[in-house]
Amino acid sequence: MLSGLVIVDKPQGWTSHDVVGRMRRIAGTRKVGHAGTLDPMATGVLVLGINKATRLLTYIVGTSKTYTATIRLGESTITDDAEGEVVSRASAAFLTEDAIRSGVESLTGEIQQVPSSVSAIKVNGERSYARVRSGEEVKLAARPVTIHRFDIHGIRRDQAAGHDTDVVDVDVTVECSSGTYIRALARDLGNSLGVGGHLTALRRTNVGPYSLDQARTLEQLAEDLEVLEMSQAARALMPNRELSADETTEISFGRRIAAGTAAGTPGAPTADKPAAAFAPDGSLVALLADSGSFAKPVLVFAPGTGPGSSNSSGSSNSSGGSSSSGTDAGVRSGSPADGGGQA
């Protein structure tokens, strides 16, 4: 059975669910999920898991993400991006480069961010975007996010199409924690400068260790399905532990073994941030978490019959990703992306 990650270069205009549906047909399996949604407007890295690899998606969702984007200052939209109706305009002609850079600096580091109201966050059981579209004014609570990097690459002055409003387009790269809305960054930058702002372009270039260099278009994948094998995917994603033959046997049946060398340190693997354990032949056996002087399986991929076996309903605290939601950038139809429309 084919299992692994597929790194897709999502096309503009497609939802993440659309991409999952297409991959199900390409791979010939229903068991496909993604590790964080991208808005239809956004392009770039969308990580998909096929079959057993869907169980790795939970650990990818929370990784940092990197985007390239264009922010327009001088116009605000109802969605905080170019897909929404413009709700206000103000000339940005007076904005200096220093003022723009100062505004970006104030949004770098650990910040409290109010997610875009047109998002999939639930308010009293109903999606926020549904409430907004029905005419309700929705105010979401601020959330802590971290903007690791917010770099300006270009500043261009223009006029809004069909209007006399002077606007400023700012090309940026953003590296951020999971749960960040890049649309909200555009909105907040514009508001801090007194002219409003929204996102006009968004491309995700990295999700954790997986990059745009590894991504393929759906057309390319339909011709040649490139799958990142599970052991390779896990090696890149999390700390590694090499097992002996005896340890491999014990872990494959869900039994504990001696803790790794990081035990008792801040870097020790946990259930939320496990280590990937590999058999002597290099195959992925399990994900491990240290508990005192022992390491216990969080999730077992090798055949076994113990409580940690992948055949056991109690073997994992992870259910993998989703075909319609996730945690990543530019997200409107799903939860925030860790750095995109929503990161």
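Going by the structure above, here's the rest.
No experiment lies behind these values; they were computed from the predicted model shown.

So, how was this worked out
- Residues numbered from 1 in each chain as written.
- Predicted model: local features only at pLDDT ≥ 70, side-chain atom pairs only at ≥ 80, totals over all residues.
- Heavy atoms only, no water.
- Salt bridge = Lys/Arg side-chain N within 4 Å of Asp/Glu carboxyl O.
- Helix = DSSP H or I, 4+ residues; strand = E, 2+ residues; numbered from the N terminus.
- Buried < 20%, exposed > 50% of the residue type's maximum accessible area, 1.4 Å probe, protein only.
- Pairing = 2+ DSSP bridges.
- Contact = heavy atoms within 4.5 Å.
- Axes fitted to C-alpha atoms, helices over the stretch in contact; angles between N-to-C directions.

**Here we look at the pattern of salt bridges**
Phase 1 of the analysis: Enumeration according to the criterion identifies 14 salt bridges in this entry.
Phase 2 of the analysis: Between D80 and R187 there is a salt bridge, with its nearest N and O atoms 3.6 Å apart. Of this pair, D80 sits in the loop between β5 (75-77) and β6 (86-89) while R187 is found in helix α5 (residues 182-192), placing the two residues 107 residues apart along the sequence.
Phase 3 of the analysis: Accessibility expressed as a relative area gives 13% for R187, which makes it buried.

**Regarding the sheet that holds strand β16 (residues 257-258)**
Phase 1 of the analysis: The five strands lie next to each other as β15-β17-β18-β19-β16, forming an open sheet whose pairing is mixed. On the outer flanks of this sheet lie β15 (240-242) and β16, each paired with one strand and no other.
Phase 2 of the analysis: The pairing of β15 with strand β17 (residues 275-278) spans three bridges and is classified as parallel. Within β17, the position partnered with N240 by the bridge is A276.
Phase 3 of the analysis: The strands touched by helix α7 (residues 230-237) within the sheet are β15, β17 and β18 (284-291), with β17 carrying the most contacts at an inclination of about 140°.
Phase 4 of the analysis: In the packing of helix α8 (residues 245-252) onto the sheet, contacts are made with β15, β16, β18 and β19 (294-300), and the angle to β18 comes to roughly 85°.

**Some thoughts on unusual backbone geometry**
Backbone phi values are negative for most residues with the exception of glycine, while trans is the configuration of most peptide bonds.
Phase 1 of the analysis: Backbone geometry places N51, a non-glycine residue, at a positive phi of 55°.
Phase 2 of the analysis: By secondary structure assignment, the location of N51 is in the loop between β3 (43-50) and α2 (57-61).
Phase 3 of the analysis: On the basis of relative accessible area, N51 is assigned to the buried category, the value being 7%.
Phase 4 of the analysis: If you check the backbone angles, D80 has positive phi at about 70° while not being a glycine.
Phase 5 of the analysis: Classification of D80 as buried rests on a relative accessible area of 8%.

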